[in-house]
Amino acid sequence: MKVDGKNTRTIWVESDGANNATCVGVIDQTLLPHRFATIKLKTLEDAVRAIQSMQVRGAPLIGAAAAYGVWLALRTDASDENLERAYTALLATRPTAINLQWALDQMLAAVRNRPRAERVATAFKRAGEIAEEDIAINQAIGRHGLKLIEAIAARKKGERVNVLTHCNAGWLATVDWGTATAPIYLAHDKGVAVHVFADETRPRNQGASLTAWELGHHGVPHTVIPDNTGGHLMQHGLVDLVIVGTDRVTAQGDVCNKIGTYLKALAAHDNRVPFYVALPSPTIDFSVSDGLSEIPIEQRSPDEVATVTGKTKDGRIETVQVVPDGSPVANYGFDVTPARLVTGLITERGVIAATREALAAAFPERAKLAI
Ligand code: MRU
C-alpha cells in the first residue's frame, strides 16, 4: 500500500550494486505512527530480535520474517545443526501466531533434503515465494470481503458503511494489503463509501498507532476509539459489520486474536452485528480443535500495561507510567472467540462458516495432513 504516495511493503530484499541480495529490509513498527524508519536484518539474531521486540509483528508478517530469518542463518552456516538452531530460535519468538510455525515448516521442507551447496539459494527462493503468496492471498481475501461491504452499501443505498476492527490486521501486519483491511482498501478504491472504527487496542495500541496510520496514508476515513466504545456504538446502530484478523483458527473454527477481540464478538452477537474474521489459510491450525484449551496465549512484559508511549506537545517521544508504583499488572496478548460467535471466515477461497466441515471442505489438502 502507499506511504506518502509511494508503494511500500513491510518486508523486502536489499541488494548491492551487482544485484546480489545482501539483507532484508523491514519497517520498524515500534516507531510508528510518529516516525517512519526502516531497519536492515543481516543475521538470524537480527530476525529473532525484530520479531521478539515487535519491530515486525502481525501473524503473516511474522511468518515471512521468520522465513527470511532461515535464509539469513543459512548464509553463514548451511549445516543441519544450524538449520535446526534457526528453526528453534525463530519458533520461540512468539508462541500464539501459527503462521510462524507454518512458515518455518515450509522452509524446513524446502531446504532439509537439499545438498548444502544449494540450501542458501533454495531458502531465499522459498522465503520470497512465502512473501509473494501472502500478497496474493490477501488480495483474494479482499475480493471476497468486498462483496460483503458492497451488499451492505447497496442495502444502505450508498450511505457509508461503518466497519469496526481491532488491533492491526492491516498491511503492516502482512507483507501487503492486510487481511481485515484488504476488503476495506478495495471498497475504498472502488468508490464505496466506507469508514473504519479502529479500536485503540491497549496495551500496545496497534489500532491507534498502526491501523489509523495506514488507513490515513491511504485516505480511508477512520475514527480511533477507546477499546470500550464498540459495544456502545453497536447498540446505537453505528457499526454495520466487524472485521478482525486472527493469529490462529482451529479446526472447529475458534478464533484466537488480539486480547479484547472476544468482547467485541460478544457485543456484536448481542446486537446482531455481523462479526467476520479475515484469515489466510496458513493461519488455520488443523492440529488443534478447542481454541480455549489448546492455544498457548502469549503473556508479555508488565511494562506494556504499566506504561504508555506517545508524542509530547513539543514533539518528543516519551514513555510514562500510568499505574501506581508497585501495582501488579497482567498482560495477556490474545484471547479466543468461540466459533459460535463468528458470522463467517473470509478466506482466500471465499467466505465460509466457522465450522469444522466448512474449513475441511475449503482446505482439504491442509485438513488431511493434520489427521
Ligand atoms: O501482537 P501483534 O501486534 O502481532 O498482534 C496482531 C494481531 O492480533 C492481528 O490481528 C493478527 O496477527 C492478524 S494480522 C493479519
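Structural data are supplied above this passage.
Values in this document were obtained by computation on a predicted structure and should not be read as measured data.

Procedures and definitions
Residues numbered from 1 in each chain as written. Predicted model: local features only at pLDDT ≥ 70, side-chain atom pairs only at ≥ 80, totals over all residues. Heavy atoms only, no water. Axes fitted to C-alpha atoms, helices over the stretch in contact; angles between N-to-C directions. Helix = DSSP H or I, 4+ residues; strand = E, 2+ residues; numbered from the N terminus. Parallel < 35°, antiparallel > 145°, perpendicular 65-115°, else oblique. Left-handed = near helix turned anticlockwise from the far one by under 90°. Contact = heavy atoms within 4.5 Å. Nonpolar A, V, L, I, M, F, W, Y, C, P; charged D, E, K, R; others polar. Pairing = 2+ DSSP bridges. Phe/Tyr/Trp six-rings, centres within 6.5 Å; stacked < 30°, edge-to-face > 60°. Buried < 20%, exposed > 50% of the residue type's maximum accessible area, 1.4 Å probe, protein only. Near = heavy atom within 4 Å. Polar contact = N/O pair within 3.5 Å; in protein donor to acceptor, adjacent residues only side chain to side chain. Areas by Shrake-Rupley, 256 points an atom, 1.4 Å probe, with all protein chains shown as cover. Core = buried A, V, L, I, M, F, W, Y, C linked by side-chain atoms within 4.5 Å. Salt bridge = Lys/Arg side-chain N within 4 Å of Asp/Glu carboxyl O.

**Side note on the packing of helix H1 (residues 44-52) against helix H2 (residues 59-76)**
Okay, step 1: Running from N to C, H1 and H2 point in directions that differ by 160°, and their axes come no closer than 8 Å. Taken together, the axes of H1 and H2 lie roughly antiparallel to each other. Seen from above, H1 lies across H2 with left-handed handedness. The residues of H2 that touch H1, namely those facing Leu44, Ala47 and Ile51, are Ile62, Ala65, Ala66, Gly69, Leu72 and Ala73.
Okay, step 2: A per-class count over the contact of H1 with H2 returns eight nonpolar, one polar and no charged.

**Thoughts on the sheet that holds strand E3 (residues 11-15)**
Okay, step 1: Read from one edge of the open sheet, three strands run E3-E4-E5, paired in antiparallel fashion. Since the sheet does not close on itself, it has two edges, and those belong to E3 and strand E5 (38-41), each with one partner. Put simply, the sheet's adjacent strands are angled 35° from each other on average, direction ignored.
Okay, step 2: Where strand E4 (residues 21-27) meets E5, four bridges bridge the pair, whose relative direction is antiparallel.

**Details of the packing of aromatic side chains**
Okay, step 1: Inspection of the entire model under this criterion finds four aromatic pairs.
Okay, step 2: Aromatic pair tyrosine 68 and tryptophan 71: ring centres 6.3 Å apart, planes at 75°, arrangement edge-to-face. Of the two residues, tyrosine 68 and tryptophan 71 both sit in helix H2, three residues apart, roughly one turn of that helix.
Okay, step 3: Exposure remark for tyrosine 68: the relative accessible area of 6% places this residue in the buried category.
Okay, step 4: The exposure class of tryptophan 71 is buried, given its relative accessible area of 3%.

**Looking at H1**
Okay, step 1: The set of residues buried in H1 consists of Leu44, Asp46, Ala47, Val48, Ala50 and Ile51.
Okay, step 2: Against the buried residues of H1 lie E5, H2 and helix H3 (80-91).
Okay, step 3: Just past H1, the residue methionine 54 takes up positive phi, approximately 65°.

**Looking at the site of the ligand**
Okay, step 1: Taken together, 18 residues sit near the ligand, with Gly58, Arg94, Gln206, Asn257 and Lys258 positioned nearest.
Okay, step 2: One of the side-chain nitrogen or oxygen atoms of glutamine 206 is found 2.9 Å away from an oxygen atom of the ligand.
Okay, step 3: Taking 410 Å² as the accessible area of the ligand by itself, protein coverage stands at 100%.
Okay, step 4: When residues of the shell around the ligand are traced back to their parent elements, those giving at least two are H2 and strand E11 (255-258).
Okay, step 5: By residue class, the composition of the shell around the ligand is seven nonpolar, seven polar and four charged.

**Quick word on the nonpolar core**
Okay, step 1: Formed by 75 residues in total, the largest nonpolar core has its most connected members in Ile11, Val24, Leu90, Trp171 and Ile243.
Okay, step 2: Ranked by residue count, the leading element in this core is H2, at 13 residues.
Okay, step 3: Beyond its immediate stretch of four places on either side in the chain, isoleucine 243 contacts Ile149, Val163, Leu164, Thr165, His166, Ala180, Tyr276, Ala278 and Ile346.

**What to know about the pattern of salt bridges**
Okay, step 1: Tallied over the full model, the rule gives 20 salt bridges.
Okay, step 2: Between aspartate 199 and lysine 264 there is a salt bridge, and its shortest N-O distance comes to 3.0 Å. With a gap of 65 residues between them, aspartate 199 in strand E7 (residues 194-199) and lysine 264 in helix H9 (residues 261-270) connect regions that are remote in the sequence. Here aspartate 199 matches lysine 264 in class, with each residue buried.
Okay, step 3: One salt bridge in this structure joins arginine 300 and glutamate 304, with 2.8 Å as the shortest N-O distance. The two residues arginine 300 and glutamate 304 agree in class, both being buried.
Okay, step 4: Salt bridges sharing partners connect three or more residues here, namely Arg94, Arg204, Glu298, Arg300 and Glu304.

**Concerning the pairing of strand E14 (residues 307-311)**
Okay, step 1: Both E14 and strand E15 (residues 317-321) contribute to a ladder of five bridges, which runs antiparallel. When the bridges of E15 are listed, threonine 309 appears paired with threonine 319.
Okay, step 2: Counted along the chain from E14 to the antiparallel partner E15, the turn is five residues long, and its residue glycine 315 has a positive phi close to 90°.

**A closer look at the environment of leucine 74**
Okay, step 1: Inspection of the secondary structure assignment puts leucine 74 in helix H2.
Okay, step 2: Once the C-alpha coordinates of leucine 74 and valine 120 are considered, the two residues, 46 residues apart in sequence, prove to be 5.8 Å apart.
Okay, step 3: Once you skip the residues sitting within four places of it in the chain, leucine 74 turns out to touch Asn82, Leu83, Val111, Arg119, Val120 and Ala123.

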